[in-house]
Amino acid sequence: MQNPEVFILAIESSCDDTAAAVLHNDKVLANVVANQLIHNQYGGVVPELASRAHQQNIVPVVDAALRKANIQKEQLSAIAFTQGPGLMGSLLVGGSFSKSMSAALEIPLIAVNHMHAHVLAHFIDEDGFDKPSFPFLALTISGGHTQIIRVDSFFDMTIIGETTDDAVGEAFDKSAKILRLPYPGGPLIDKYAQLGNPKAFAFTKPKVAGLDFSFSGLKTAILYFIQKQKLQNPDFITENLNDICASIQHTIIEILMDKIKLAVKETGIKQVAIGGGVSANSGIRAALKATEARYGWKTFIPKFEYTTDNAAMIGIVGYQKFLNQHFETASVVSKARIQF
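Keep in mind the model is a prediction, meaning the values are calculated, not measured. (Residues numbered from 1 in each chain as written. Predicted model: local features only at pLDDT ≥ 70, side-chain atom pairs only at ≥ 80, totals over all residues. Heavy atoms only, no water.)

### Quick look at the sheet that holds strand β2 (residues 18–24)
The line we're drawing: Any two strands with at least two DSSP bridges between them are considered paired. Secondary structure elements follow DSSP: runs of H or I of four or more residues count as helices, runs of E of two or more count as strands, with numbering from the N terminus. Between N-to-C directions, angles span 0 to 180 degrees; the directions come from axes that are lines fitted to C-alpha atoms, helices contributing only their stretch in contact. In this description, contact between two residues means that some pair of their heavy atoms is separated by no more than 4.5 Å.
If you walk across this open sheet you meet the 5 strands as β3-β2-β1-β4-β5, and the pairing is mixed. Since the sheet does not close on itself, it has two edges, and those belong to β3 (27–34) and β5 (109–113), each with one partner. Averaged over neighbouring strand pairs, the angle between their axes works out to 20° when direction is ignored. Across 4 bridges, strand β1 (residues 7–12) lies against strand β4 (residues 78–84) in parallel orientation. Its bridge partner being in β4, I11 is matched across the sheet by F81. Where helix α2 (residues 88–105) meets the sheet, its contacts fall on β1, β4 and β5, and the angle it forms with β4 comes to roughly 160°.

See below:
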């Protein structure tokens, strides 16, 4: 039976976004994110700059979330925070703030695995979005992770496939860098791909046994292809940008879908949910939805704002842990790498 008055303040600071959310049970009352645009000029996230920006942003972001939720801090039932994985300096800012606020309010402290949160974001109560039932398969795709996970309960998850090198988000961003697109390049590849021919250029898909992935070879193949074409035509990228992006995206999507199809075949589980920043990609979403009619799967795609790093997904895990009294003491430590 659900407690009708559980209010969770959630903090997410694993990378370069400072986020705070307030949940009433599994319903999001506020979900505030402060982005750090300073990294764009460096072509990637600079850890030291990220941690400094978190220190500047965390108090106003938490204040904004409480105001938007229209509740007082004294009404909070617990504080949930991202323990890891992520950038150590960034994690320490969120963790230290959460410990301090938990102690000051004398309410429980809850540590959350960032990757669990991407999986369980589907359990946020959101109009128009169904929740999967157990067991289901989760494809978590982001800048740092590419995993296929068997989810048997809120606290029973098993990685059955993952990348052996680059994550899919890296494959998008590194391909964009080869094309001299600004950072972050993944969304731009998606944008231009929608205007191009996905079969204009063929890239070889890596052969990896089982349910694991590999993207480093694809990145190298794209680099050599572009270098060769530019020798013949220096304006090759400019003249063919849409088709190049469409072909790259098509290849990456085929790699992902081939592995998911194999996972469904091996497990017999036909419920598939996606999460993580790259799940915002329009081509991946369309490919997954197409499988519903073709293969009889049930697919789950989260609301756009719950795909990238956000605190609402931390809050939903915090809520489930609160119901099960999974609390931490102030001695809990942040971890750049954390066991799944």
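### Considering helix α4 (residues 168–178)
Quick note on the threshold: With a 1.4 Å probe rolled over the protein chains alone, any residue whose accessible area is under 20% of its type maximum counts as buried; one over 50% counts as exposed, and the rest are partly exposed.
Here α4 has its buried residues at V168, G169, A171, F172, S175, A176 and I178. Packed against the buried residues of α4 are β6 (136–141), β7 (146–153), α5 (186–193), α6 (216–232), α7 (236–267) and α8 (282–295). Following α4 by one or two positions, R180 has its phi on the positive side, about 60°.

### Observations concerning the packing of aromatic side chains
Keep this limit in mind: Pairing of aromatic side chains requires ring centres within 6.5 Å, counting the rings of Phe and Tyr and the six-membered ring of Trp. Pairs whose planes differ by under 30 degrees are stacked, by over 60 edge-to-face, and all others tilted. Criterion for a charge above a ring: Lys NZ or Arg CZ within 6 Å of the ring centre, and within 35 degrees of the ring normal.
Enumeration according to the criterion identifies 13 aromatic pairs in this entry. Relative to F327, the ring of F322 lies with its centre 5.7 Å away and its plane at 55°, an arrangement referred to as tilted. Directly above the aromatic system of F300 lies the positively charged group of K298, at a separation of 5.6 Å from the ring centroid.

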